[in-house]
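Letter by letter, the chains look like this.
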Amino acid sequence: DTEVTQTPKHLVMGMTNKKSLKCEQHMGHRAMYWYKQKAKKPPELMFVYSYEKLSINESVPSRFSPECPNSSLLNLHLHALQPEDSALYLCASSQGWSTDQETQYFGPGTRLLVL
Amino acid sequence: QKEVEQNSGPLSVPEGAIASLNCTYSDRGSQSFFWYRQYSGKSPELIMSIYSNGDKEDGRFTAQLNKASQYVSLLIRDSQPSDSATYLCAVTVYGGSQGNLIFGKGTKLSVKP
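In this text, all values refer to a predicted model and were calculated from it rather than measured experimentally. (Residues numbered from 1 in each chain as written. Chains lettered and ligands numbered in written order. Predicted model: local features only at pLDDT ≥ 70, side-chain atom pairs only at ≥ 80, totals over all residues. Heavy atoms only, no water.)

S.K.: Describe in detail the state of the cysteines, supporting the description with residues and values.
M.R.: This structure, assessed with the given rule, holds two disulfides over all chains. What pairs with B:Cys23 in a disulfide is B:Cys89, and their sulfur atoms sit 2.1 Å apart. Measuring the twist about the S-S bond at about -70°, one finds the B:Cys23-B:Cys89 disulfide to be left-handed. Here B:Cys23, found in strand S3 (residues 19-25), pairs with B:Cys89, found in strand S9 (residues 85-95); they are 66 residues apart in sequence, far enough to count as distant. The exposure class assigned to B:Cys23 is buried, which follows from its relative accessible area of 1%. Here A:Cys68 stays unpaired: no disulfide links it, and the sulfur of A:Cys23, its closest cysteine neighbor, is 9.2 Å away. Under the relative-accessibility criterion, A:Cys68 is labelled buried at 13%. (Disulfide = S-S within 2.5 Å. Helix = DSSP H or I, 4+ residues; strand = E, 2+ residues; numbered from the N terminus. Buried < 20%, exposed > 50% of the residue type's maximum accessible area, 1.4 Å probe, protein only.)

S.K.: A description of the pattern of salt bridges should follow, citing residues and the corresponding values.
M.R.: Pairs can form between side chains of opposite charge whenever their charged atoms are close. All names here are of chain A. A full pass over the atoms with the stated rule returns six salt bridges over all chains. Note that glutamate 52 is salt-bridged to arginine 30, the shortest N-O span being 3.8 Å. Taken together, the positions of glutamate 52 in the loop between strand S5 (44-50) and strand S6 (53-57) and arginine 30 in the loop between strand S3 (18-25) and strand S4 (31-37) put the pair 22 residues apart, joining distant regions of the chain. Among the residues examined, arginine 30 registers a relative accessible area of 27% and is labelled partly exposed. With a closest N to O distance of 2.7 Å, arginine 63 and aspartate 85 form a salt bridge. Of this pair, arginine 63 sits in the loop between S6 and strand S7 (64-70) while aspartate 85 sits in the loop between strand S8 (73-79) and strand S9 (87-94), and the two are 22 residues apart along the sequence. Residue classification places aspartate 85 among the buried positions, given a relative accessible area of 2%. Each of Lys36, Arg63 and Asp85 takes part in salt bridges that share partners, so that together they form one network. (Salt bridge = Lys/Arg side-chain N within 4 Å of Asp/Glu carboxyl O.)

Written out as structure tokens, the structure is:
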């Protein structure tokens, strides 16, 4: 089983709203990722969590705030977003970081529209 | 800047033909290479992973890796209309304690019935 789930599937929010995206995996994976993907572009890495600790933040604006409550869950808290933040937000997980463990499996994504 | 290059396409092939997708990468230290398929509006789906020079076959898909030439390819035999999608090449680059995926821009494949 290589399933990563994400909720909600779609989200529309105003620029003053606060919302959260959720991601869950039950594969025992130790690394979890948030990506942002704009139309006709490849995914862009935002954050990496290793063993529930933030290990990489790719210079993402502070209006995006990640959280890893436990080894299976990853949240992305959104506040005061801009219309240009509208995109597909993808969560991924991998077993670990050695060569045979770093395959990333993606969730279905959350389509976000900021008005 | 570590990069992964792909032809953006579109690559159009007739049903039943072999589709050949190519990718080059800049980081000689990369050890892991992946092909993802992405249908419009959907998330990337892993098709193949390859770590050693040579060929790796899985059903109608064959991945080929040549580390000396920094080149990885994906062959799709007996192409079907359902293979029409964008194919993303991804390469692990290393900095610090772990590697991260760098994606190419993707090649859009269209299989015509």
